[in-house]
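# Coordinate analysis (summary)
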Amino acid sequence: MRFAQMGCDGVNTYTSATLITCLRDEGPFLIEWLAYHRAIGFDRFIIGANDCTDGSHDMLLRLAEMGEVIYLPFSRDPAGKGPQHQFADLLAATDHIKNGEWLAWLDMDEFLLVHRGDGTVQTLIRDLRKADGIRINWRYFGVPAGVKWPGRQIHPDLCRCAPADLALDGRLGHQTFKSLYRHRDGLAFYWHGPIYSAASLERQPDWRDGNGKAQRRRAWPRKRVKIQADLELVATSFVRHGWAQINHYATRHPAFAHMRRQRGRGSAYVPTDPTMPHYQDFAARHSDAYFATYNQHSHHDPRILRHLPACDAQMERLLADRALRHWHEHALRHLPTEALAKPVA
């Protein structure tokens with residue numbers, strides 16, 4: 001699938017947009033996430049997965065056979081690296097990403113919502129013109145008490161969210177962002193955006209905020225995080241949702257808390273042996289307090305529903321494959337039945 005753009009010479013040109021993710025046991029949510037992002041214009045998907053037990057691995061194998069995704073399976077490193085770091089290293093060792101390609105890395109609970117034009121990623125790329133990338137801030141979505149899970153994420157019952165300017169003291173609020181950017185040689189992969197080395201910063205990058213405005217200090221104007229001695233990235237940015245936002249369903253549904261804890265952490269290896277350095281109970285990161293904080297539902301934002309018909313069409317197309325449907329239905333049986341609006345068949 002490719003998307004036409006009109007070049008300056010009046011001839012149609014084509015721009016590919018690649019979406020990257022890394023997952024573990026996300027089978028109940030995989031097909032909708034894939035269908036939605038294909039519906040809004042991503043035409044390549046590179047997916048890593050580690051140690052899945054819910055059918056996600058089999059789903060991804062079948063999706064790769066169908067030509068829908070590039071699948072890079074791996075096993076969690078018991079020595080200390082977090083799985084997302086592992087996957088970034090694995091991806092960097094391949095030739096799947098070309099210089100000049102537009103990329104985004106979104107988790108399975110993150111849905112890109114473009115507010116420009118027809119709402120496609122291609123419109124966003126066109127409007128960015130020659131910019132190197134855009135930071136797209138989160139917006140947290142949650143579920144009020146008593147609302148059952150309707151069997152999917154994009155649904156009129158699941159449009160409650162946080163106020164747009166949410167800032168949480170000492171925690172990740174809407175200042176946190178994901179990126180859509182043009183890859184070039186010398187950039188390292190990271191799930192919030194590319195990591196720049198000193199050598200790759202010889203030319204000051206032209207980055208835009210979520211309103212499409214050039215950053216006053218265009219490279220990294222806010223808090224920096226050191227990855228290695230000569231590698232750094234920005235962690236937060238001013239909250240701007242004018243051009244796009246990331247609908248972040250961090251808690252999905254309060255009844256899914258146990259599933260989230262079982263998956264563990266993606267950004268860090270957390271030893272479960274109390275005698276090991278940096279030990280942490282998996283439940284500590286996704287505690288009841290975590291779900292209470294991030295299950296935000298004081299406001300209402302239904303704008304993602306504009307893509308519901310296109311998403312449905314993509315889901316129907318994918319699930320017409322009998323093998324894929326089998327593994328999708330297998331994964332759905334891992335959801336807690338007490339949370340569902342209707343039983344899983």
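Residue indices begin from 1 for each chain and proceed along its sequence in written order. Given that this is a predicted model, residues contribute local features only at a pLDDT of at least 70 and side-chain atom pairs are listed and counted only at 80 or more, while totals for whole chains, interfaces and linings are drawn from all residues. Water and hydrogen atoms were dropped before computing side-chain values, which therefore reflect all heavy atoms in the structure.

### Considering the confidence of the model for the protein chain
Low pLDDT means the predicted atomic positions in that stretch should not be read closely. Our working rule: Every residue gets a pLDDT, meaning the predictor's confidence in that residue, from 0 to 100. Any two residues whose heavy atoms approach within 4.5 Å are treated as being in contact.
Residue-level pLDDT values for the protein chain average 83, and 79% of them are 70 or greater. When the criterion is pLDDT under 50, residues 266-274 qualifies, and its contacts beyond four places in sequence or with other chains add up to 30 contacts. Predicted confidence is poor over residues 276-283, with pLDDT under 50, and the contacts of this stretch with residues over four places away or in other chains come to 17 contacts.

### A short note on the nonpolar core
Counted only if it meets this: Within this scheme, the nonpolar core is defined by two criteria: the residues are buried Ala, Val, Leu, Ile, Met, Phe, Trp, Tyr or Cys, and they are joined through side-chain atoms within 4.5 Å. Burial classes follow relative accessibility: with a 1.4 Å probe on protein chains only, a residue under 20% of its type's maximum area counts as buried, one over 50% as exposed, and anything between as partly exposed.
Ranked by internal contacts, the top residues of the largest apolar core, which has 60 residues, are W33, F42, L60, L63, L112 and L180. Not counting chain neighbours up to four residues away, the residues in contact with L63 comprise L30, I31, L34, E68, V69, L318 and L324. Of all hydrophobic cores here, the second largest spans 19 residues; its members include L91, Y190, I195 and W207.

### Overview of the environment of L168
The line we're drawing: Helix numbers and strand numbers start at the N terminus; a helix is a DSSP run of H or I with at least 4 residues, a strand a run of E with at least 2.
Its place among the elements puts L168 in the loop between β9 (160-161) and β10 (177-182). For L168, a relative accessible area of 19% puts it in the buried group. The spacing of L168 and Y294 is 126 residues in sequence and 9.7 Å in space, taken between C-alpha atoms.

### Overview of helix α8 (residues 308-319)
Operational definition: Helices are assigned an expected span. That span is 1.5 Å times one less than the residue count. As used here, the arc belongs to the directions running from the helix axis to the C-beta atoms.
Its 12 residues place the ends of α8 16 Å apart at the C-alpha level, agreeing with the 16 Å of an ideal helix rising 1.5 Å per residue. Considered for burial, the residues of α8 that qualify are L308, C311, Q314, M315, L318 and L319. Angular distribution of buried residues about the axis of α8 spans 125°; they occupy a single face of the element. Those residues of α8 that are exposed and angled more than 90 degrees off the buried face are P309 and E316. Elements that come into contact with the buried residues of α8 comprise α1 (27-39), α2 (56-65) and α9 (322-332).

### Remarks on the packing of aromatic side chains
This is how it is decided: Paired rings are identified among Phe, Tyr and Trp, the last through its six-membered ring, by centres lying within 6.5 Å, and are further divided according to the angle between planes into stacked (under 30 degrees), edge-to-face (over 60) and tilted (the rest). Throughout this description, the term charge over a ring refers to an Arg CZ or Lys NZ atom that lies within 6 Å of the ring centre and within 35 degrees of the ring normal.
Applying the stated criterion across every chain yields a total of 14 aromatic pairs. Aromatic side chains Y190 and W191 sit 4.2 Å apart centroid to centroid with 25° between the ring planes, which places their arrangement in the stacked category. Each member of the pair Y190 and W191 is classed as buried. One aromatic cluster is present, formed by F74, F87, W105, Y190 and W191 through successive ring pairs. For the cation-ring pair, R252 lies above F29, with the distance from its terminal atom to the ring centre recorded as 3.8 Å.

### Notes on unusual backbone geometry
Despite not being glycine, D25 shows a phi value in the positive range, around 50°. Within the secondary structure, D25 is located in the loop between β3 (17-23) and α1. The backbone of D51 shows a phi angle near 55°, a positive value even though the residue is not glycine. With respect to the secondary-structure elements, D51 resides in the loop between β4 (44-50) and α2.

### Some details on α1
Spanning 13 residues, α1 covers 19 Å between terminal C-alpha atoms, matching the ideal 18 Å at 1.5 Å per step. Judged by how many residues are buried, α1 sits mostly within the fold: 12 of 13 residues are covered. Taken residue by residue, α1 has G27, P28, F29, L30, I31, E32, W33, L34, A35, Y36, H37 and R38 as its buried positions. Of the residues one or two after α1, G41 is the one with positive phi, at around 120°.

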